[in-house]
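Each chain, letter by letter, is given below.
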Amino acid sequence: MAQYEITKDNYKEYVFEKMPKSSHWKNMFWAFVVGGTICVIGQAFIELYSIWFNSQDASVLASGTLVFIAAMLTGFGVYDNIGRFAGAGSTIPITGFSNAVVSPALEFRAEGYVYGVGAKMFLVAGPVIVNGVTISVVVALLTLLFGG
Amino acid sequence: MQYYKKRTLVFDNANIAEGYTVAGPKENDGRYKGFFDLALKDDMFGQNTFERAERKMFEHAIEGAIAKANLTAADIDVVIGGDLLNQIVSVAFAARKQHAGFLGLYNACATFVESLIAGSAMLNNGLDYVLCTAGSHFSTAERQYRYPLELGVLRSPVTQWTATGVGATVLTSHKQPVPIRITRATVGRVVDYGVMDVNNMGAAMAPSACDTLVTFFKDTNTVPSDYDVIYTGDLGKLGSDILMDLARQEGYDISAQLHDCGASLYWDEQQTYQGGSGAACSALVFNAVLLSRMRRGEYKRILLAGTGALMSPTTSFQGDSIPAITHLVEVTA
């Protein structure tokens, strides 16, 4: 029970006090463990592919493998369960990007290949690509002007 | 309360003939397992899209309620109802299989109680049988309001889980062997306390629930203890706590009577955080649980307050706060 009178003006502060908070330490722990594990798996693939390819090709192949695995896990309905506790740990690595493209593609399959899969596939990943490209251009310009 | 005007309706012939429910698998694993008339093993319900599944649930609930009341489709004068999908397609498409007139409603998760009020008013105007229905489906709502189902995201602890289910009630002006009647109703106002967080709908709706409840108590000179239970629709656990605080501030202690359909729908282990949300919550709990308890004489007089958050994804992305509404019916056995 609040010790003061709740009004329309202080309602947001009252709700914020009252609401359960997510545990940042717990979230960070799982993000670290899951994100780290994904990176270790990626590194293992790089080492494996290095037996047959040069290091640049091995890295590209390892990324492709992770994307493939994440797409499979999304299709089997596993990846969202990982993301539910891993948070950024499974969103930030390249596997999260794969999940962000595959999940809307699956979801909107019911509306057909053009208006469904085609139109909605980049629903989640689209803003990431647009902002990523924009910021990379800005950073490149800054580097050109002030950098080496 | 900043504004008050007497506006409670009184009905003298809104008898409840029967209620029928179709519940999703997760709902039937919850606290009310076994209460539902039809529990789905699979939320696709044999259809190839979730939208068609939701539509089929409405068809079953409407037909089920009519059959359970020993009536035929030709007896029903009007079907009234709504769902959460754009253009309220689920119930409208299901109604094309009926001969009755159709009135489509939308007040988000308050739609079920809204349909009971509209139905009771029609009986007052001379109709014989009216069917009121509302429902929601987790998978159709999720993709309309939030993210794709398989997207791996961390859910906020204030979120709720959209319930899958449809409830239908047959109201009639004819006296019933077990008399359960809708006796009074208060039509809610749209109340907006400026909550912006679409995950926290309980907080957005609690002020409107308080507004409607207090209006009803003032209009009818009743107090919370006159009722066996007061059920809100889908405020969730946090929203219910807030409502108790707000109501106490207005001089009404509802802590002994207050329950929430959504918050009570699932077990904690089902990880719905604040509980269920969606038009299905009040439609399922009222038809499956509250009606049967009233039939058995456990409850004599109850209040059902359907709560709805009236935002859309577009208004939220455009930075608007969440307006909310609460409609209330008094049900007497």
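Only a predicted model underlies this, so the values are computations on that prediction, with no experimental measurement involved.

A. Geometry of the interface of chain A and chain B. On the side of chain B, 25 residues touch chain A, which itself brings 31 residues to the contact. Elements with a minimum of two residues in the side of chain A that touches chain B: α1 (11-18), α4 (79-86), α5 (88-91) and α6 (94-107) of chain A. Per element, the largest residue contribution to the side of chain A that touches chain B is six residues, and it comes from α6(A). Tallied by class, the residues present in the side of chain A that touches chain B amount to 14 nonpolar, ten polar and seven charged.

B. Main features of the domain arrangement of chain B. Residues and elements named next belong to chain B. The domain boundaries assigned to chain B delineate domain 1 (8-172) and domain 2 (181-332). With centres defined by C-alpha atoms, the gap from domain 1 to domain 2 works out at 18 Å. Contact with domain 1, which involves 53 residues of that partner, is made by 57 residues of domain 2. Taken together, the elements giving at least two residues each to the side of domain 1 that touches domain 2 come down to β1 (8-10), β2 (15-23), α1 (25-28), α4 (111-124), β6 (129-136), α5 (138-145), β7 (161-162) and β8 (165-172).

C. Expanded view of the packing of helix α2 (residues 24-49) of chain A against α4(A). Residues and elements named next belong to chain A. Viewed as axis vectors pointing N to C, α2 and α4 meet at an angle of 135°, and their least axial separation amounts to 8 Å. Overall, the two elements α2 and α4 adopt an arrangement that is oblique. Judged by residue contacts, Trp30, Ala31 and Val34 of α2 engage Ile82, Phe85 and Ala86 from α4. Residue classes in the contact of α2 with α4 are distributed as six nonpolar, no polar and no charged.

D. Representation of the environment of B:Leu304 in the model. In this fold, B:Leu304 is placed in strand β13 (residues 301-309). In this structure, the C-alpha to C-alpha distance between B:Leu304 and B:Val329, residues 25 residues apart in sequence, is 5.4 Å.

E. Local environment of helix α2 (residues 50-68) of chain B. Residue and element names in this part refer to chain B. With 19 residues, α2 should reach 27 Å at 1.5 Å per residue; the first-to-last C-alpha distance of 26 Å fits that figure. For α2, the buried fraction is high: 14 of the 19 residues fall into the buried class. Two residues or fewer after α2 comes Asn70, characterised by a positive phi angle close to 60°.

Scoring rules and cut-offs
- Residues numbered from 1 in each chain as written.
- Chains lettered and ligands numbered in written order.
- Predicted model: local features only at pLDDT ≥ 70, side-chain atom pairs only at ≥ 80, totals over all residues.
- Contact = placed C-beta atoms within 7 Å.
- Helix = DSSP H or I, 4+ residues; strand = E, 2+ residues; numbered from the N terminus.
- Nonpolar A, V, L, I, M, F, W, Y, C, P; charged D, E, K, R; others polar.
- Domains from an automatic or database assignment.
- Axes fitted to C-alpha atoms, helices over the stretch in contact; angles between N-to-C directions.
- Parallel < 35°, antiparallel > 145°, perpendicular 65-115°, else oblique.
- Expected span 1.5 Å × (residues − 1).
- Buried ≥ 20, exposed ≤ 12 C-beta atoms within 10 Å, placed from the backbone.

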